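Breakdown of the fold
Here is how the chains run, residue by residue.
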Amino acid sequence: ELIEGAVSDLLADTKRRMRGARTHRDRLQRFVHAFVVFNLAEKHRLLLVTREFVNLTDEQQQEINQLKSSYAALLKAIISAECGETGCISDRTGLITEAVIGMLYGQSLWQSIEVPEQKLTDALTHFVLGIITCGKDSALKA
């Protein structure tokens, strides 16, 4: 229930913060910002999600994975739109989405880096754009 609540809250907060975004980049920045805000306020809950998921039953993991899939779908739509502008191959969006989510959840494990909320959001958004660009470039070379 604690893990389900954390993922549900992250998903709901992300959807709320993305409302009103006018461009793909604005949606991406709002998505990342929602994660940063949630992580700063609820770090212990994200740690629970990342560390204890493996201890759930198969049925519980399936329920959480449905929520995670809904969260990933938000990001995948942003990445697909961004890739449409930059020429990314569409079959790469799933890989790019997983890489970005892995990076964001990995950031929740940082222990010794103190960065103000806006600077962290800006840096992570820049990193995400780099991942998208690398995904596009590797797709073009393949």
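Residues numbered from 1 in each chain as written. Predicted model: local features only at pLDDT ≥ 70, side-chain atom pairs only at ≥ 80, totals over all residues. Heavy atoms only, no water.

**Side note on the side chain of His-33**
Test applied: Elements are defined by DSSP. Helices are runs of H or I of four residues or more, strands are runs of E of two residues or more, and each kind is numbered from the N terminus. Partly exposed residues are those whose accessible area sits between 20% and 50% of the maximum for their type, while under 20% is buried and over 50% is exposed, using a 1.4 Å probe and protein chains only. Whether two residues touch is decided by their heavy atoms; if any such pair falls within 4.5 Å, the residues are in contact.
Inspection of the secondary structure assignment puts His-33 in helix H2 (residues 24-52). By relative accessible area, which is 16% here, His-33 ends up buried. Residues within four places of His-33 in sequence aside, it is in contact with Arg-17, Glu-117, Gln-118 and Thr-121.

**A few points about the packing of H2 against helix H4 (residues 93-107)**
Helix packing geometry: the angle between the two helix axes and the distance between the axes. Quick note on the threshold: In this description, a line fitted to the C-alpha atoms serves as the axis of each element, helices being fitted only across the stretch in contact, and the angle between N-to-C directions of two axes falls anywhere from 0 to 180 degrees. Here a crossing is taken to be left-handed if its near helix is turned anticlockwise relative to the far helix by less than a right angle, and right-handed if that turn runs clockwise. Here the term charged refers only to Asp, Glu, Lys and Arg, the term nonpolar to Ala, Val, Leu, Ile, Met, Phe, Trp, Tyr, Cys and Pro, and the term polar to all other amino acids, Gly among them.
At a minimum axis separation of 8 Å, H2 and H4 run at an interaxial angle of 65 degrees. For the crossing formed where H2 meets H4, the hand is right-handed. Residue-level contacts link Phe-31, Val-32, Phe-35, Asn-39, Lys-43, Leu-46, Val-49 and Thr-50 of H2 to Leu-104, Tyr-105 and Gln-107 of H4. Broken down by class, the residue content of the contact of H2 with H4 amounts to 7 nonpolar, 3 polar and 1 charged.

**Some remarks on the nonpolar core**
The cut-off we apply is this: What makes a nonpolar core is a set of buried Ala, Val, Leu, Ile, Met, Phe, Trp, Tyr and Cys residues whose side-chain atoms join them at distances within 4.5 Å.
With 34 residues, the main nonpolar core has Leu-28, Phe-31, Tyr-71, Leu-104, Tyr-105 and Ile-132 as its most contacted residues. Of all elements in the fold, only helix H1 (2-18), H2, helix H3 (58-86), H4 and helix H5 (117-141) reach the threshold of two or more residues within this core. A per-element tally of this core places H3 first, with 9 residues. In this structure, Ile-132 is in contact with Leu-28, Ile-79, Glu-82, Cys-83 and Ile-96, ignoring residues within four places of it in sequence.

**Quick word on H1**
Here is the rule: Here a helix's expected span is defined as the number of its residues, less one, multiplied by 1.5 Å.
In this model, H1 (17 residues) spans 24 Å end to end at C-alpha, consistent with the 24 Å of a helix rising 1.5 Å per residue. Looking at the residues trailing H1, positive phi occurs at Gly-20, about 90 degrees.

**Quick notes on the environment of Met-103**
Within the secondary structure, Met-103 sits in helix H4. Contacts of Met-103, omitting those with residues within four sequence positions, involve Leu-124, Phe-127, Val-128 and Ile-131.

**Here's the deal with a nonpolar patch on the surface**
To keep it simple, the criterion reads: Residues qualify for a patch when their relative accessible area is over 30% and they have no salt bridge, like charges being joined within 9 Å and the nonpolar side chains of Val, Leu, Ile, Met, Phe, Trp and Tyr within 5 Å. A 1.4 Å probe and the Shrake-Rupley method give the accessible areas. Residues count as covered only by the protein chains that appear here. For this analysis, a salt bridge means a side-chain nitrogen from Lys or Arg found within 4 Å of a carboxyl oxygen belonging to Asp or Glu.
On the surface, Trp-110, Ile-113 and Val-115 cluster together into a nonpolar patch covering about 240 Å² of accessible area. Examined against the element boundaries, Ile-113 turns out to sit in the loop between H4 and H5.

**Quick notes on a negative patch on the surface**
Cut-off, in case you're wondering: Charged residues are defined narrowly, with Lys and Arg counted positive, Asp and Glu counted negative, and His plus the chain ends left uncounted. A charged residue contributes its charge at one atom only: NZ of Lys, CZ of Arg, CG of Asp or CD of Glu.
Together, Glu-1, Glu-4, Glu-59 and Glu-63 give the surface a local cluster of negative charge. Considering the arrangement of structural elements, one finds Glu-4 in helix H1.

**As for the packing of aromatic side chains**
Spelled out, the test is: Only centres within 6.5 Å qualify two rings of Phe, Tyr or Trp (six-membered ring in Trp) as a pair; their planes then separate them into stacked at under 30 degrees, edge-to-face at over 60, and tilted for everything else. In our convention, an over-ring charge means Lys NZ or Arg CZ found within 6 Å of a ring centre and within 35 degrees of that ring's normal.
The tally for this structure, following the rule as stated, stands at 2 aromatic pairs. A centroid spacing of 4.9 Å and a plane angle of 35 degrees characterise the contact between Phe-31 and Tyr-71, whose relative ring orientation is tilted. With Phe-31 in helix H2 and Tyr-71 in helix H3, the pair connects residues that are 40 residues apart, well separated along the chain. The same class applies to Phe-31 and to Tyr-71, which are both buried. Sitting over the face of the ring of Phe-53, Lys-68 holds its NZ or CZ atom 4.1 Å from the ring centroid.

**As for the confidence of the model for the protein**
Put simply, the test is: A score between 0 and 100, pLDDT records how confident the predictor is in each residue.
When the pLDDT values of the protein are averaged, the result is 87; 89% of them are 70 or greater. Confidence, expressed as mean pLDDT per element, reaches its minimum in the protein at H5 with 82 and its maximum at H1 with 95.

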